[in-house]
Amino acid sequence: MSTKTNIKTEKSNELYKLLSIVYDDLLNIYTGYNIFREWMKTPFIIDDFAYATDAHMLMKVPKKLTNVTKEANKNTRESIKYLFDNIQLPLNIKINVAELEKQINTIPLVNEYSDIDIKGNCNECDGDSTVRWEYKDYREYFDCPKCNGQGRIEEKHRRKTGKKIKNKNHLFKIDGMLFLEKYINNLVKVAKKLDEKEIVIISKMQSSMMVKIKDAEILLISKIPTENDIVVFHYA
Ligand SMILES: [Zn+2]
């Protein structure tokens, strides 16, 4: 190998090393602790991609851009593979990151409780009393385990964290689907870290959409509409 090639390889290795630190950090935004699904706590590998999910959002990044080594088990592989096989409608909606950030900043701050939203609705099920699980064409609803299917948590049982947060009734509507501010805020974080000015919605399925930011693809599950919704940003 010539000296020239050596330098080039070293430079490209160095670049991959830097990128992998960035993408490892971003994947960790999308992991989630879940008492029912231990495997979501850390990112995992399926074939040529690394994934991270909290059951509401999912990030997919080429494996070579990360340091993730944990291989997904068979069940995880099947659930994840389905999500990507079944994406139906291709889209090409570009949204300006600065505009999203501006809209996020218009949302008022409220007391944070660790288990409910501003209306007293359970955070886990968004007050729907049920939680949904999708697999292939199957969709099942279970009583929410956090509020025992009540949808609400009584004031005296609520846990205040002492922090102020964005009002969770304020939502983003994109191509007819509603998304929580937290999801959009994460997209802004990812875009800024990757130095991208725009995010691109590349496809949608029945209750979710796929966003591309540089080499990362991010799947967001939409929120079921309620009468308390306030739409702060409406796109298409
Ligand atoms: Zn609940």
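The shown structure was predicted, so the numbers you read here are calculated from the model rather than taken from an experiment. (Residues numbered from 1 in each chain as written. Predicted model: local features only at pLDDT ≥ 70, side-chain atom pairs only at ≥ 80, totals over all residues. Heavy atoms only, no water.)

1. Focus on a nonpolar patch on the surface
Taken together, Tyr-33, Ile-35 and Phe-36 make up a surface patch of nonpolar side chains, about 420 Å² in accessible area. Tracing the backbone shows Ile-35 in the loop between helix H1 (3-29) and strand E1 (44-46). (Patch = residues over 30% accessible without salt bridge, like charges linked within 9 Å, V, L, I, M, F, W, Y side chains within 5 Å. Areas by Shrake-Rupley, 256 points an atom, 1.4 Å probe, with all protein chains shown as cover. Salt bridge = Lys/Arg side-chain N within 4 Å of Asp/Glu carboxyl O. Helix = DSSP H or I, 4+ residues; strand = E, 2+ residues; numbered from the N terminus.)

2. Quick word on helix H3 (residues 97-105)
All buried positions along H3 are accounted for by Val-97, Leu-100, Gln-103 and Ile-104. Viewed end-on, H3 has its buried residues packed into an arc of 125 degrees, placing them on one side of the element. Facing away from the buried side of H3 by over 90 degrees, the exposed positions are Lys-102 and Asn-105. Tucked inside the fold, the buried residues of H3 contact strand E4 (89-96), strand E8 (160-166), strand E9 (170-174), helix H4 (181-193), strand E11 (198-205) and strand E14 (230-235). Of the residues that open H3, the one with a side-chain oxygen 3.0 Å from the backbone nitrogen of Ala-98 is Asn-96. (Buried < 20%, exposed > 50% of the residue type's maximum accessible area, 1.4 Å probe, protein only. Arc of directions from axis to C-beta. Contact = heavy atoms within 4.5 Å. Polar contact = N/O pair within 3.5 Å; in protein donor to acceptor, adjacent residues only side chain to side chain.)

3. Regarding the sheet that holds E1
An order of E1-E2-E3-E13-E12-E11-E4 is seen for the seven strands of this open sheet, with the pairing classed as antiparallel. The outermost strands of the open sheet, each flanked by one partner alone, are E1 and E4. Put simply, the sheet's adjacent strands are angled 25 degrees from each other on average, direction ignored. In terms of strand pairing, strand E3 (residues 57-62) meets strand E13 (residues 216-221) through four bridges, oriented antiparallel. Paired with Leu-58 across the two strands is Leu-219, which belongs to E13. Against the sheet, H3 makes contact with E4 and E11, and its axis sits at roughly 70 degrees relative to E4, the strand it touches most. (Pairing = 2+ DSSP bridges. Axes fitted to C-alpha atoms, helices over the stretch in contact; angles between N-to-C directions.)

4. Some words on the coordination of the zinc ion
Only Cys-122 (SG), Cys-125 (SG), Cys-144 (SG) and Cys-147 (SG) from the protein coordinate the zinc ion, and they sit 2.3 to 2.4 Å from it. One can describe the site at the zinc ion as tetrahedral: its four donor atoms subtend angles covering 107 to 111 degrees at the metal. Counting the intervening residues between successive donors of the zinc ion yields the motif C-x2-C-x18-C-x2-C. A residue pair is termed long-range when its members are at least 10 positions apart, and Cys-122 in the loop between strand E5 (109-113) and strand E6 (130-135) and Cys-144 in the loop between strand E7 (138-143) and E8 qualify at 22 residues. (Donors = N, O, S within 2.8 Å, 3.2 Å for Na, K, Ca; no water. Tetrahedral: all angles 85-135°; square planar, octahedral: opposite > 155°, others 65-115°.)

5. Some thoughts on unusual backbone geometry
With a phi angle near 85 degrees, Ala-55 is a residue other than glycine that sits in the positive phi range. With a phi angle near 60 degrees, Asp-195 is a residue other than glycine that sits in the positive phi range. On the accessibility criterion, Asp-195 (59% relative accessible area) is exposed.

6. Brief notes about the domain arrangement of the chain
How big an interface is tends to be stated in terms of accessible area lost as the parts join. One can read the domain layout of the chain as domain 1 (1-86), domain 2 (91-108 + 167-236) and domain 3 (120-162). The C-alpha-based centres of domain 1 and domain 2 are spaced at 22 Å. Each partner contributes to the interface: domain 1 provides 18 residues, whereas domain 2 provides 18 residues. Between domain 1 and domain 2, roughly 1,600 Å² of surface is buried when both sides are summed, and carbon and sulfur atoms account for 66% of that area. Contact with domain 2 buries area across many residues of domain 1, yet Tyr-23, His-56 and Met-57 alone supply 28% of it, more than any other trio. Here domain 1 and domain 2 share one salt bridge between them. In this structure, the salt-bridge partner of Lys-193 is Asp-25, at a minimum N-O distance of 3.5 Å. Viewed at the interface, domain 2 and domain 1 are joined by five residue pairs in polar contact (both at pLDDT 80 or more). Elements with a minimum of two residues in the side of domain 1 that touches domain 2: H1, E3 and helix H2 (74-85). Per element, the largest residue contribution to the side of domain 1 that touches domain 2 is six residues, and it comes from E3. (Domains from an automatic or database assignment. Buried area = accessible area lost by both parts, 1.4 Å probe.)

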